[in-house]
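Structural characterization, general
Chain by chain, the residues run as shown.
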Amino acid sequence: KIIILDFGSQYTQLIARRVRELNVYCEIHPYNHLPDFDESVKGVILSGSPYSVRQADAPEVDFRALQTRFPLLGVCYGAQYIAQHSGGEVVASTIREYGRANLHFVDHTNVLLADIPADSQVWMSHGDTISAIPSDFEVIASTDKVNVAAYHVRGSQTYGIQFHPEVTHSTDGTTLLKNFVIDICGCTPSWTADAFVETTVATLKEKLGNDHVIMALSGGVDSTVAAVLLHQAIGKHLHCIFVDHGLLRKNEYEQVLESYQHMGLNIKGVNAKDRFYQKLAGVSEPEQKRKIIGAAFIDEFDEAAHAVQAELPEGAAVKWLGQGTIYPDVIESISVKGPSATIKSHHNVGGLPDFMKLKVVEPLNTLFKDEVRRVGKALGVAPNILGRHPFPGPGLAIRILGEITAEKVRILQEADDIYIRNLRESGWYDRVWQAGTIFLPVQSVGVMGDERTYEHVVALRAVGSLDGMTADWIHLPYELLAKISNEIINHVKGINRVVYDISSKPPATIEWE
Ligand code: XMP
């Protein structure tokens, strides 16, 4: 595997993804929290950073200890750090070194740059620049403005690059990473979805033995794929619980439950609609709704878990809680910057409380979202589950602004169903990262026939995004919007107006609450 030491760059996760796209396993660790460097480690990458190596409080790492044991690639800050601490010089750049640039010198005899065209486009993003290199360093690539675009330390396997190979604007970045990871570090490209399934199932079998595991499923990709992996490892010893809080999409509870049964999962559905509606009655403050739903969910899960336990044979006990945590959640919680400020409390991300003294098993905690999908595919999970848009834990509760009633849920479900069906039929569903319908807390005037109406408004939202952190609204065709609006107003009693949300995140958020 490859270890990526993170100095806090926004691109660090991207480096990891690119390495994994080469079918090589890699892990991100904060620079100040070094992992075990055992023999499975074949090379180390030092990431970029928002810091400058010239700052007094710049992050430090003992790269010399690594340099003697592993091939080392410094990217941006990483490259500047190695250069400066080897006797070179890094200064504040006087010219603009952001964005596109083209190499004009490339040393093709150097393995790192094999097969990289002489004029390859690279992406720069730094305020500092390496102005002088020690005598044992050689420049192996330059642009017009940046002499030391890439260097090699003679007689060693240490390299530095001042551009970002991980972003797609660096057109040959993947080739460069492949040269490093495969040719220099000697990794074999054997980390595939099938290999992941095989080793994970074997590890889970060993770890869990005859133990029983309990797990809440949401119908989403992560929890489903995690459950299928666990199911392959321990079969009926995995007990799944799917709670209907009455805030799912139209018919979703029934459909998803059926898919789970079809997959052979040991699943128990809990119809808790009325209890959730009751607890939510009269509440309109968004954070309070989330808290109520979070607490109610735990109550339901707790009860179902105790029922599972009660049915187990003498001597058997539930010892584990299965979770669909994925790698970005893990990185977030251990990152250099620490967990980023909570803008909304995502109750279901933090997991469940430690009741019943359960140990946690998270089979997907080393995977990125797209890898979870690939693993799901390798496991034969149905495409309609794998391709599903993200859906918030509190569901339609945060898409009904203001107080929630069963009637509003019904109206919203009908409108949303029309919206999503039209996205699917027009082929737009898979081009959108997330879409949903929002029930607004206003009524507006309309006419139907000769009658004046005074009814509700729904907003349609569709965004493109990679991870939900930033997002832009999707330019759906007017004809499609017209068709959806028409269908909603004509078929959903209680709605006489449809609007389309054209705000990006930031400054707006994806959800309205
Ligand atoms: P925002 O609205 O913060 O949403 O731009 C970013 C992503 O997070 C989802 N989201 C939630 N997910 N519980 C969840 O599980 C929540 O309370 C919650 N709030 C927002 C949202 O759907 C989007 O994918």
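Residues numbered from 1 in each chain as written. Predicted model: local features only at pLDDT ≥ 70, side-chain atom pairs only at ≥ 80, totals over all residues. Heavy atoms only, no water.

Considerations on the overall build of the protein chain
Heads up, the condition is: In this description a helix means any DSSP run of H or I spanning at least four residues, a strand means any run of E spanning at least two, and both kinds are numbered starting from the N terminus. Each radius of gyration is computed over the set of C-alpha atoms, and the globule rule expresses the reference value as 2.2 Å times the number of residues to the power 0.38. Working rule for contacts: check all heavy atoms of both residues, and any pair within 4.5 Å makes them a contact. To be clear on the numbers: accessible area is Shrake-Rupley with a 1.4 Å probe, and residue cover counts the displayed protein chains and nothing else.
Within the protein chain, the secondary structure is distributed over 14 helices and 20 strands. For a compact globule of 513 residues, the expected C-alpha radius of gyration is about 24 Å, and the protein chain comes in at 26 Å, within 12% of that figure. C-alpha atoms of the protein chain, sized along the principal axes, occupy 85 × 65 × 40 Å. Taking contacts inside the protein chain between residues at least 6 apart in sequence as the whole, the part at least 24 apart equals 74%. When the accessible area of the protein chain is evaluated, it comes to approximately 23,400 Å², of which 51% is carbon and sulfur surface.

A closer look at empty space enclosed by the protein
Put simply, the test is: Space inside and on the surface of the protein is sampled on a 1 Å grid over the protein atoms alone, with a cavity defined as a set of points where a 1.4 Å probe fits but cannot get out and a pocket as an open set with protein on both sides within 12 Å along at least 5 of 7 lines; lining residues have an atom within 4 Å of a point. Grid points are joined across faces, edges and corners, and a volume is the space filled by probe spheres set on the points. When residue character is reported, Ala, Val, Leu, Ile, Met, Phe, Trp, Tyr, Cys and Pro are called nonpolar, Asp, Glu, Lys and Arg charged, and the others, Gly included, polar.
Considering all chains together, one arrives at four cavities of 30 Å³ or more under this definition. Put simply, the largest cavity is a space of about 80 Å³. Every residue along the wall of the largest cavity is listed here: Arg20, Asn23, Trp191, Thr192, Ala193, Phe196, Leu367, Glu371, Arg374 and Val375. Of all the secondary-structure elements, those providing two or more residues to the lining of the largest cavity are helix H5 (193-208) and helix H11 (369-378). Among the elements that make up the lining of the largest cavity, the one with the highest residue count is H11 (three residues). Of the volumes computed, that of the second largest cavity is approximately 40 Å³. Elements with a minimum of two residues in the lining of the second largest cavity: strand S17 (434-448) and strand S18 (451-465). Considering every element that reaches the lining of the second largest cavity, the biggest residue donor is S17, with four residues. In the lining of the second largest cavity, the residues fall into four nonpolar, two polar and three charged.

Looking at the packing of aromatic side chains
Quick reminder of the rule: Two aromatic rings from Phe, Tyr or Trp, using only the six-membered ring of Trp, form a pair when their centres are within 6.5 Å; if the ring planes differ by under 30 degrees the pair is stacked, by over 60 it is edge-to-face, and anything between is tilted. Throughout, exposure labels follow a simple rule: accessible area from a 1.4 Å probe, protein chains only, divided by the maximum for the residue type, with under 20% read as buried, over 50% as exposed, and the rest as partly exposed. Only lysine NZ and arginine CZ atoms are considered, and such an atom sits over a ring when it is within 6 Å of the ring centre and within 35 degrees of the ring normal.
Within the structure shown, the criterion is met by 14 aromatic pairs. Between Phe63 and Tyr81, the ring centres sit 6.0 Å apart and the planes meet at 80°, which makes this aromatic pair edge-to-face. Placement of the pair is Phe63 in helix H2 (residues 63-67) and Tyr81 in helix H3 (residues 77-84), with a sequence separation of 18 residues. Both residues of the pair, Phe63 and Tyr81, belong to the buried class. Measuring from centroid to centroid gives 5.5 Å for Tyr327 and Phe368, while their planes differ by 70°, and the two rings are edge-to-face. Residue Tyr327 is found in helix H10 (residues 327-334), and its partner Phe368 is found in the loop between strand S16 (359-361) and H11; the two are separated by 41 residues along the sequence. Of the aromatic side chains, those joined through ring pairs into one cluster are Phe7, Tyr31, Phe63, Tyr77 and Tyr81. A cation over a ring is seen here: Arg17 above Phe368, with NZ or CZ 5.4 Å from the ring centre. If you follow Arg424 out to its NZ or CZ, it ends over the ring of Tyr429, 3.9 Å from the centre.

Things to note about the layout of surface pockets
Quick reminder of the rule: Domain extents, as shown, originate in an automatic or database domain assignment.
The volume enclosed by the second largest pocket comes to roughly 380 Å³. Taken together, 16 residues form the lining of the second largest pocket, with Lys250, Glu252, Gln255, Ile420 and Arg424 sitting closest to its centre. Of all the secondary-structure elements, those providing two or more residues to the lining of the second largest pocket are helix H7 (252-262) and helix H13 (406-425). The element contributing the most residues to the lining of the second largest pocket is H13, with six residues. When the residues that make up the lining of the second largest pocket are grouped by side-chain class, the tally is three nonpolar, five polar and eight charged. Counting only domains with at least three residues in the lining of the second largest pocket, you end up with domain 2 (193-386) and domain 3 (404-500).

Things to note about the sheet that holds strand S15 (residues 318-322)
Selection rule: If DSSP finds at least two bridges between two strands, the strands pair. Between the N-to-C directions of two axes lies an angle of 0 to 180 degrees, each axis being a line fitted to C-alpha atoms and, for a helix, fitted only over the stretch in contact.
Strand order across the open sheet formed by five strands is S14-S13-S12-S15-S16, with parallel pairing between neighbours. Only two strands of the sheet have a single partner each, and these edge strands are strand S14 (267-271) and S16. Strand-to-strand twist across the sheet, computed as the mean angle between neighbouring axes with direction ignored, equals 30°. Sheet topology places strand S12 (residues 212-217) next to strand S13 (residues 238-244); five bridges connect them, and they run parallel. Looking at S13, one finds that Leu217 is bridged to Phe242. Packed on one face of the sheet, helix H6 (residues 221-234) meets S12, S13, S15 and S16 and runs near 160° to S12.

Some remarks on the domain arrangement of the protein chain
We apply this condition: Buried area: the accessible area, evaluated with a 1.4 Å probe, that two parts lose upon being put together, summed over both parts. Here, a salt bridge means any Lys or Arg side-chain nitrogen found within 4 Å of an Asp or Glu carboxyl oxygen.
By domain assignment, the protein chain separates into domain 1 (2-184), domain 2 (193-386) and domain 3 (404-500). Spacing between the C-alpha centres of domain 2 and domain 3 amounts to 29 Å. Facing the nine residues of domain 2 at the interface are 10 residues of domain 3. Together, the buried faces of domain 2 and domain 3 total about 870 Å²; carbon and sulfur atoms form 52% of this surface. Looking only at domain 2, the three residues that lose the most surface to domain 3 are Arg249, Lys250 and Tyr277, adding up to 61% of its buried area. The interface formed by domain 2 and domain 3 holds three salt bridges in total.

Brief notes about the pairing of S15
For S15, a buried count of four out of five residues is recorded, marking the element as mostly surrounded by other parts of the structure. Bridge count between S15 and S16: three bridges; the pairing is parallel. When the bridges of S16 are listed, Gly322 appears paired with Val361.

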